[in-house]
Amino acid sequence: MQDTYNGVRPPDAGKAIEYSDGVYSVPDHPIVPFIEGDGSGRDIWKNARAVMDAAVLKAYGGARRVEWFEILAGEKAYRLHNDWLPQDSVQACIDFRVSLKGPLTTPVGGGIRSLNVTLRQTMDLYQCIRPVKHYPGVPSPMVKPDEVDVVIFRENTEDIYAGIEFKEGSADVAKLREFVNTELLGNTKKRLRDDAGLGIKPISVRGSKRLVRAAIQYAVDGGRKVVTIVHKGNIQKFTEGAFLEWGYEVAKGEFRDRVVTERESWIFAALEKNPAATPEELAKVVEPGVAFAPASFAEKIVAEVKGVLEAIGASHDEGKWKGMILVNDRICDAMFQDLLLKPSEYSVLATTNLNGDYLSDAAAAQVGGLGIAPGVNVGDGFAVFEATHGTAPRLADQDVVNPGSVLLCGVLLFEFLGWGEAAKLIEDAMTETIRQKFVTVDFAKGMDGATTASTSGFAARIVENMGKVV
Ligand code: NAD
């Protein structure tokens, strides 16, 4: 711990959150560093903070209080310290373990260290968690947006985001192309083209397993019934396909008495209909095309059925599997479709990095867009909460933007701290305020009979509505 960060002392009244052996200890007055953010972040932060403080006060009457500690990044840091990302700011996020970050301008021209990437790497924030659900009344393109209630666990450290890329025409790309074409592809007809840029997509056992483990543990802790592993393994077998395979290894190896896979559930459901079904008959349920497949494939499926019955017949059969978490998988493109057509079948999604990037923004759009989408980046012992939208520079300093994402970050933060009462106060009061059709312009323009509220007006109404029954 440092005495000062960017020359400023952390609040004397607070204490740091601590972490040991997988458990956080949260003092009643935790110091939580925050980055206000650039552009609209300024409007959003001051109003969101007022709502969060009001909720904690109402819930705990002064016994608990967040000691916010401003740390600098982005334009403010550049103005005051001539540095877009002072090392002290990164260090404060590390030392105090849990922090909240507003959107930051990405300076045009490049060459600037990205705070997100720096924090992700230094604290190994391997889970990007984005809950996506609908609040009644929020304009949505869906016919039944209330059926969307998913939490996306996106792997945050590897995949194409590893940043291992080689520019077309460079000496490096020529070296790599030569190596791949001659050493690895020599005996095949495949060749990398002379005018291609190349990127490397690493997906590791460790990276995949810890992400899927976190997703399943979240379902166990939160009573969620389905965990879906999302992948593109039909095309990218040794990366996306391996993510899927390792995901199932975690499910079956570490959560065996809590989960049933979709294939296993088909076997038990078929047995329920016909308790006398033979393994051969059950194999046809698992793989309907097995009758037309080569004998070796049929034998493999029959062996799979026998293996399932032997290994988990006692623990899962006779309906016991129905009370367990269903672990299934979907190819990513089908997942986009399913989330639109039958969202109620999904609950927790575990995805690789790029798929999760696309999927979480698309899912957010289904329930009202980025203005109301919170997220958190989590590692072992660290969490950085952040709104998923940018700085909306054209709306900055006009008191018009929607503070919803940061408010919902507050909900996630308080749930994370174990301050569920404060979280519920904010979420219920925001729901009530939207139900009253008192909303910021981004929502008002899509709602019949809405009153357009300023950022501060919306926040003030949420505070007024705190504790009212929804
Ligand atoms: P943006 O998210 O700022 O804006 C996209 C659209 O959404 C705009 O129409 C904007 O007006 C609207 N919008 C965003 N937040 C809103 C809110 N709270 N209420 C109402 N409307 C809202 O994305 P952009 O325009 O592509 O990027 C602007 C700047 O933000 C860029 O400098 C970019 O690099 C940065 N950015 C930062 C982050 C981050 O720090 N996490 C994320 C994305 C973009």
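Residues numbered from 1 in each chain as written. Predicted model: local features only at pLDDT ≥ 70, side-chain atom pairs only at ≥ 80, totals over all residues. Heavy atoms only, no water.

Once that is clear, we can look at the overall build of the chain. Secondary structure assignment for the chain yields 16 helices and 17 strands. By the compact-globule yardstick of 23 Å for 470 residues, the chain fits well, its C-alpha radius of gyration being 25 Å. Its C-alpha atoms put the chain at 70 × 60 × 50 Å along the principal axes. Every one of the 470 residues in the chain was classed for burial, and the buried ones make up 49%. Pairs at least 24 residues apart make up 73% of the contacts formed inside the chain by residues separated by at least 6 positions. For the chain, the accessible surface area stands at approximately 22100 Å², while carbon and sulfur atoms represent 53% of it. (Helix = DSSP H or I, 4+ residues; strand = E, 2+ residues; numbered from the N terminus. Rg over C-alpha atoms; globule rule 2.2 N^0.38 Å. Buried < 20%, exposed > 50% of the residue type's maximum accessible area, 1.4 Å probe, protein only. Contact = heavy atoms within 4.5 Å. Areas by Shrake-Rupley, 256 points an atom, 1.4 Å probe, with all protein chains shown as cover.)

Interaxial distance between helix 1 (residues 41–60) and helix 13 (residues 404–417) falls to 9 Å at its minimum, and their mutual angle equals 35°. You can see that helix 1 and helix 13 cross each other, and the crossing is right-handed. Where helix 1 abuts helix 13, its residues I44, W45, A48, V51, M52 and V56 lie against V406, L407, G410 and F414. Residues belonging to the contact of helix 1 with helix 13 are distributed by class as follows: nine nonpolar, one polar and no charged. (Axes fitted to C-alpha atoms, helices over the stretch in contact; angles between N-to-C directions. Left-handed = near helix turned anticlockwise from the far one by under 90°. Nonpolar A, V, L, I, M, F, W, Y, C, P; charged D, E, K, R; others polar.)

Here we take up the nonpolar core. Most often, soluble globular proteins keep nonpolar side chains buried together rather than apart. Grouped together as the largest cluster of nonpolar side chains are 77 residues, with contacts concentrated most on F414 and I434. With nine residues, the top contributor of residues to this core is helix 13. Setting aside residues no more than four positions away along its own chain, I434 makes contact with Y135, P136, G137, V138, I372, V439, F443, M447 and F458. By size, the runner-up hydrophobic cluster in this structure holds 19 residues, among which are I35, A92, C93 and L119. (Core = buried A, V, L, I, M, F, W, Y, C linked by side-chain atoms within 4.5 Å.)

One pass over the full model with this rule turns up 13 aromatic pairs. Taking the centre distance of 6.4 Å and the plane angle of 85° together, the rings of F34 and W68 count as edge-to-face. Of this pair, F34 sits in strand 3 (residues 31–35) while W68 sits in strand 4 (residues 67–70), and the two are 34 residues apart along the sequence. On the accessibility criterion, F34 (4% relative accessible area) is buried. Taking 5.6 Å as the distance between ring centres and 80° as the angle between the ring planes, the aromatic pair formed by F385 and F416 counts as edge-to-face. Residue F385 is found in strand 15 (residues 382–387), and its partner F416 is found in helix 13; the two are separated by 31 residues along the sequence. Among the residues examined, F385 registers a relative accessible area of 1% and is labelled buried. One aromatic cluster in this structure is built from Y19, Y24, F385 and F416. The lysine or arginine in question, R64, covers the ring of Y60, its NZ or CZ lying 4.7 Å from the ring centre. (Phe/Tyr/Trp six-rings, centres within 6.5 Å; stacked < 30°, edge-to-face > 60°. Lys NZ or Arg CZ within 6 Å of the ring centre and 35° of its normal.)

We now examine the domain arrangement of the chain. Segmenting the chain into domains produces domain 1 (1–140 + 370–470) and domain 2 (165–199). With centres defined by C-alpha atoms, the gap from domain 1 to domain 2 works out at 44 Å. (Domains from an automatic or database assignment.)

In the vicinity of the ligand there are 17 residues, among which L104, T106, G390, A392 and N402 approach most closely. Measuring from a nitrogen atom of the ligand, one finds a side-chain N or O atom of H389 at 3.3 Å. At 2.9 Å, a backbone N or O of N402 approaches a nitrogen atom of the ligand. Each residue belonging to the shell around the ligand can be placed in one class, and the counts come to seven nonpolar, seven polar and three charged. (Near = heavy atom within 4 Å. Polar contact = N/O pair within 3.5 Å; in protein donor to acceptor, adjacent residues only side chain to side chain.)

Attention now goes to helix 11 (residues 332–341). All buried positions along helix 11 are accounted for by C332, M335, D338 and L339. In a view along the axis of helix 11, the buried residues occupy a sector of 105°, so they form one face of it. Check the buried side of helix 11 and you find it contacts strand 7 (149–155), strand 10 (226–231), strand 12 (325–331), strand 13 (348–351) and helix 12 (353–366). (Arc of directions from axis to C-beta.)

If you walk across this open sheet you meet the 11 strands as 4-3-5-15-14-6-7-13-10-12-11, and the pairing is mixed. On the outer flanks of this sheet lie strand 4 and strand 11 (259–261), each paired with one strand and no other. Here the average twist between neighbouring strands, direction ignored, is 25°. Looking at chain direction, strand 3 and strand 5 (residues 98–101) are connected through two bridges and run parallel. Residue pairing for strand 5: F34 is matched across the bridge by L100. Packed on one face of the sheet, helix 6 (residues 205–222) meets strand 6 (127–133), strand 7, strand 10, strand 11, strand 12 and strand 13 and runs near 160° to strand 7. Packed onto the sheet, helix 7 (residues 240–254) meets strand 10, strand 11, strand 12 and strand 13 and runs at close to 155° relative to strand 10. (Pairing = 2+ DSSP bridges.)

Let us now look at the environment of P86. Tracing the chain through its elements places P86 in the loop between helix 2 (75–81) and helix 3 (87–96). Classification of P86 as buried rests on a relative accessible area of 5%. Each C-alpha atom, one on P86 and one on G74, is 9.3 Å from the other, the two residues being 12 residues apart in sequence.

Within the secondary structure, N377 is located in strand 14 (residues 374–379). Its relative accessible area of 6% is what places N377 among the buried residues. Reaching out from N377, the side chain makes a polar contact with the side chain of N156 at a distance of 2.9 Å. At 3.1 Å, the side chain of N377 and the side chain of E386 are in polar contact. Once residues lying within four places of it in the same chain are set aside, the contact partners of N377 are L125, Q127, C128, N156, F382, A383, V384 and E386.

Another point: the pairing of strand 4. Pairing analysis gives four bridges linking strand 3 to strand 4, with the strands arranged parallel. Considered in strand 4, the bridge of P33 is made with F69. Regarding the hand of the β-α-β motif, the stretch spanning strand 3, helix 1 and strand 4 is right-handed. (Right-handed = clockwise from strand over helix to strand, strands pointing away.)

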